[in-house]
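# Report on the structure
Below are the chains, spelled out letter by letter.
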Amino acid sequence: MTTRGVLYVHSAPRALCPHVEWAVAGVLGARVNLDWIRQPAAPGSWRSEFSWRGSVGTASKLASALRGWDLLRFEVTSEPCATAEGERYSATPELGIFHAVTGIHGDILIPEDRLRAALARSQQGESDLAAELAKLLGKPWDDELEPFRYAGEGAPVRWLHQVV
């Protein structure tokens, strides 16, 4: 079963750009040359985005390939298909990686056990319920990435296909 999604590299230092391309190419199984443009939200950094088509799990593989690189901000999405829900991965150097399952309309679907754990932590006084829910929805990542998303409006998008 195939799905499609988008990789948004919100900011990367110039020296890291070829390494991002190599990592993405390794996942997609095809040569990748991204169109890099300057990222005005972080002077000296670059951004790129492209749409991809591949097997279910490609978003996870892309996020894993890019995970943990200092100074790299990115998001990977995949659309739901007949055999799988959609996914969203967001990553920042400060926060690490966030993963969410998404429904057909892009809404984040929070598993029942994660909601119960958040409620339990708040009832035990370990944390505030609103803060717990914000984390489950990825709000800290959205807050940090929003200036980078806005700076990328109008950027070119290129379709790439995974070789299966």
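Let me sum up the structure you'll find in this document. (Residues numbered from 1 in each chain as written. Predicted model: local features only at pLDDT ≥ 70, side-chain atom pairs only at ≥ 80, totals over all residues. Heavy atoms only, no water.)

### Looking at the overall build of the protein
Definition in use: Every helix listed is a DSSP run of H or I at least four residues long, and every strand listed is a run of E at least two residues long, numbered separately from the N terminus. Computation of the radius of gyration draws on C-alpha atoms alone. For the globule rule, the value is 2.2 Å times the number of residues to the power 0.38. The cut-offs for exposure are 20% and 50% of the maximum accessible area for each residue type, with area from a 1.4 Å probe on protein chains only; residues under the lower value are buried, those over the upper are exposed, and the others partly exposed. Residues count as neighbours in contact if any of their non-hydrogen atoms are within 4.5 Å of one another. With residues, only the protein chains shown are counted as cover, and all accessible areas are computed by Shrake-Rupley using a 1.4 Å probe. We treat Lys and Arg as the positive residues and Asp and Glu as the negative residues; His and chain ends play no part in the count. Charged groups are reduced to one reference atom each: NZ for lysine, CZ for arginine, CG for aspartic acid, CD for glutamic acid.
Per the secondary structure count, the protein includes 5 helices and 8 strands. Element order for the protein, N to C, with α for helix and β for strand: β-α-β-β-α-β-β-β-β-α-α-α-β. For the protein, the C-alpha radius of gyration of 17 Å lies close to 15 Å, the compact-globule estimate for 164 residues. On the principal axes, the C-alpha backbone points of the protein span a range of 50 × 40 × 25 Å. Counting only residues that meet the buried cut, the protein has 40% of its 164 residues in that class. If you take every contact in the protein between residues at least 6 apart in sequence, the share linking residues at least 24 apart comes to 63%. Total accessible area computed for the protein in this model is approximately 8,800 Å², and 55% of it derives from carbon and sulfur atoms. Measuring between centres, the 17 positive side-chain charges of the protein sit 6 Å from its 20 negative side-chain charges.

### Let's talk about unusual backbone geometry
Of note in the backbone geometry, Leu71 takes a positive phi value of approximately 75 degrees without being a glycine. Relative to the helices and strands, Leu71 resides in the loop between helix H2 (58-66) and strand E4 (73-78). With a relative accessible area of 55%, Leu71 lands in the exposed category.

### Let's talk about helix H5 (residues 139-151)
What counts is decided by this rule: Given the number of residues in a helix, its expected span is that number minus one, multiplied by 1.5 Å.
Over its 13 residues, H5 runs 19 Å from end to end, which matches the ideal 18 Å to within 8%, given 1.5 Å per residue. Among all positions of H5, only Trp141, Leu145 and Phe148 are buried. Next to the buried residues of H5 lie strand E1 (2-13), strand E3 (45-55), E4, strand E5 (86-92), strand E6 (96-102) and helix H4 (129-136).

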